Amino acid sequence: MLQRPRRNRRTKAIRAMVQENHLDPSHLVLPVFVHEHAEPHPIVSMPGHSRLSISAIVELGRRARALGIAGLALFPALGEDQKDTHGTESLNPDGLMQRTIRALKQQVRELVLFTDVALDPYSSDGHDGVVVEDRIDNELTVPLLARMAVAQAQAGADFVAPSDMMDGRIFAIRRALDEAGYYEVGIMSYAVKYASAFYGPFRDALDSAPRRGDKKTYQMDPANLREAGREIKLDEDEGADLLMVKPGLPYADVLRFVRQNTTLPVASYHVSGEYAMLKAAAERGFIDFDKCLLESLLCLRRAGADVIFSYGALEAAELLRAAELLAQ
Ligand code: PBG
């Protein structure tokens, strides 16, 4: 035999030498859920995650940063009494989201803060845009998103992250940020976001499931790949700084495609349902959570992710740190 690929896998040192892709905490972003109450409210479908108070989020931010995690993605869980059809609370300079951003910026400076721009956490309809007679109205929604982005920038967001999938919102947000003087605040666009059932546990976390209908008139059809090319081109032209593909592993082919068709950094979102599947299977003893988590995240890197949003970011960073200490 002339070819024996196993020679390059013979020892640990040889394997490390030829390893093609790496996972490091610096690539990871931890999504967190903030609420107004002092006590944590566990999210049943996402073991290990709870809605937390602002001060608990600051503590978590400190831990994440100490482990070398890049940043946090913030999602607010509001009471029903704070929601309305136009998500007005999202613009409140003293609202929950804005206070959380300010607290983190003051107390854990180096953490990169991604703030979600979409109506659903604030909307009594549970949709990402304004509902008019069962339609999601693009033109009524985009100016609200732009104002929401400015409110978040004002509070100290590093990257506003529109996850709403309205047309033309990146351009509107970029213009609004610049006009308000926030030309250094970036936009991480959820450019390629599919209408996925894997978001189920997230909607439990925020109690933000659509009250009527689904999100198929704005989020992409899981059957489509070519359309991803159209979405990323638009968002690039409109001024996005980072492009996201979401969900993660079931869409690894899309991630690869996007990586090959843009010069911008690409992020992948290992979403709530993916995390829940790992936890649930591990709880039943069917898989090893730690190993499957690290493998999932490494596979996303291999598929083309520069940045990975994952509910397992803290656990992954701890595992990577432990492995590093062991190697020394
Ligand atoms: C909504 C939003 C969703 C997620 C992030 N932002 C859910 C949705 O589109 O319904 C999902 C994240 C996850 O499942 O982890 N703007």
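The structure this text deals with has already been given above.
Presented here is a report on the structure given in the accompanying data block.

Quick notes on the rules
- Residues numbered from 1 in each chain as written.
- Predicted model: local features only at pLDDT ≥ 70, side-chain atom pairs only at ≥ 80, totals over all residues.
- Heavy atoms only, no water.
- Helix = DSSP H or I, 4+ residues; strand = E, 2+ residues; numbered from the N terminus.
- Rg over C-alpha atoms; globule rule 2.2 N^0.38 Å.
- Areas by Shrake-Rupley, 256 points an atom, 1.4 Å probe, with all protein chains shown as cover.
- Lys, Arg positive; Asp, Glu negative; His and termini not counted.
- Charge placed at Lys NZ, Arg CZ, Asp CG, Glu CD.
- Near = heavy atom within 4 Å.
- Polar contact = N/O pair within 3.5 Å; in protein donor to acceptor, adjacent residues only side chain to side chain.
- 1 Å grid on protein atoms, 1.4 Å probe; cavity = no way out; pocket = protein on both sides within 12 Å on 5 of 7 lines; lining within 4 Å.
- Sits in = over half its atoms within 2 Å of the grid points.
- Nonpolar A, V, L, I, M, F, W, Y, C, P; charged D, E, K, R; others polar.
- Points joined across faces, edges and corners; volume = space filled by probe spheres on them.
- Phe/Tyr/Trp six-rings, centres within 6.5 Å; stacked < 30°, edge-to-face > 60°.
- Lys NZ or Arg CZ within 6 Å of the ring centre and 35° of its normal.
- Buried < 20%, exposed > 50% of the residue type's maximum accessible area, 1.4 Å probe, protein only.

1. Structural notes on the overall build of the chain
- Check the secondary structure of the chain and you find 11 helices and 12 strands.
- Taking 20 Å as the expected radius of gyration for a compact globule of 328 residues, we find that the chain reaches 20 Å, a close match to that expectation.
- In terms of overall dimensions, the chain has a C-alpha envelope of 70 × 45 × 40 Å along the principal axes.
- Counting every atom, the chain has about 15600 Å² of accessible surface; 52% of that belongs to carbon and sulfur.
- Computing the positive centroid from 39 side-chain charges and the negative centroid from 46, the chain places the two 9 Å apart.

2. Description of the site of the ligand
- Contacts to the ligand come from 18 residues, most closely from Ser163, Arg203, Lys246, Ser272 and Tyr311.
- At a separation of 2.7 Å, a nitrogen atom of the ligand approaches a polar side-chain atom of Ser163.
- At a separation of 2.6 Å, an oxygen atom of the ligand approaches a polar side-chain atom of Arg203.
- Surface burial for the ligand is 100%, taken as the share of its 400 Å² of free accessible area covered by protein chains.
- Cavity membership is defined here by more than half of the atoms lying within 2 Å of grid points; on that basis the ligand lies in the largest cavity.
- Among the residues making up the shell around the ligand, the classes are represented as 8 nonpolar, 3 polar and 7 charged.

3. Details of the side chain of Asp120
- For Asp120, the location among the structural elements is in the loop between strand 5 (112–117) and strand 6 (130–132).
- Within the structure, the side chain of Asp120 is placed 3.4 Å from the side chain of Lys215, a separation counted as a polar contact.

4. A few points about empty space enclosed by the protein
- The tally for this structure, following the rule as stated, stands at 2 cavities of 30 Å³ or more.
- Counted as a void, the largest cavity has a volume near 130 Å³.
- Forming the walls of the largest cavity are 17 residues, and the residues nearest its centre are Asp120, Lys193, Tyr199, Phe202 and Lys246.
- Secondary-structure elements contributing two or more residues to the lining of the largest cavity are strand 9 (186–193) and helix 6 (200–206).
- Tallied by class, residues from the lining of the largest cavity come to 7 nonpolar, 3 polar and 7 charged.
- Counted as a void, the second largest cavity has a volume near 30 Å³.
- What lines the second largest cavity is simply Ala73, Leu74, Phe75, Phe114, Thr115, Asp116, Ala161, Tyr190 and Phe309.
- For the lining of the second largest cavity, the secondary structure elements donating two or more residues are strand 4 (71–76) and strand 5.
- Among the residues making up the lining of the second largest cavity, the classes are represented as 7 nonpolar, 1 polar and 1 charged.

5. A closer look at the packing of aromatic side chains
- Enumeration according to the criterion identifies 12 aromatic pairs in this entry.
- When the ring of Phe114 is compared with that of Phe159, the centres are 5.3 Å apart and the planes differ by 15 degrees; the resulting orientation is stacked. In this pair, Phe114 sits in strand 5 while Phe159 sits in strand 8 (residues 159–162), placing the two residues 45 residues apart along the sequence.
- By way of ring pairs, the aromatic residues Phe33, Phe75, Phe114, Phe159, Tyr190, Phe202, Tyr269, Tyr275, Phe289, Phe309 and Tyr311 are connected into one cluster.
- Over the aromatic face of Phe202 sits the side chain of Lys246, whose NZ or CZ is 5.9 Å from the ring centroid.

6. Considerations on helix 5 (residues 169–179)
- Those residues of helix 5 that fall on the buried side of the exposure criterion are Arg169, Ile170, Ala172, Ile173, Arg174, Ala176 and Leu177.
- Gly181 occupies a position one or two residues after helix 5 and carries a positive phi of about 90 degrees.

7. Describing unusual backbone geometry
- Cis geometry is adopted by the peptide bond preceding Pro247, which originates at Lys246 and carries an omega value of -5 degrees.
- For Pro247, the position within the fold is in the loop between strand 10 (242–246) and helix 8 (252–260).
- The backbone phi angle of Glu133 is positive, close to 50 degrees, even though this residue is not glycine.
- Within the secondary structure, Glu133 sits in the loop between strand 6 and strand 7 (135–137).

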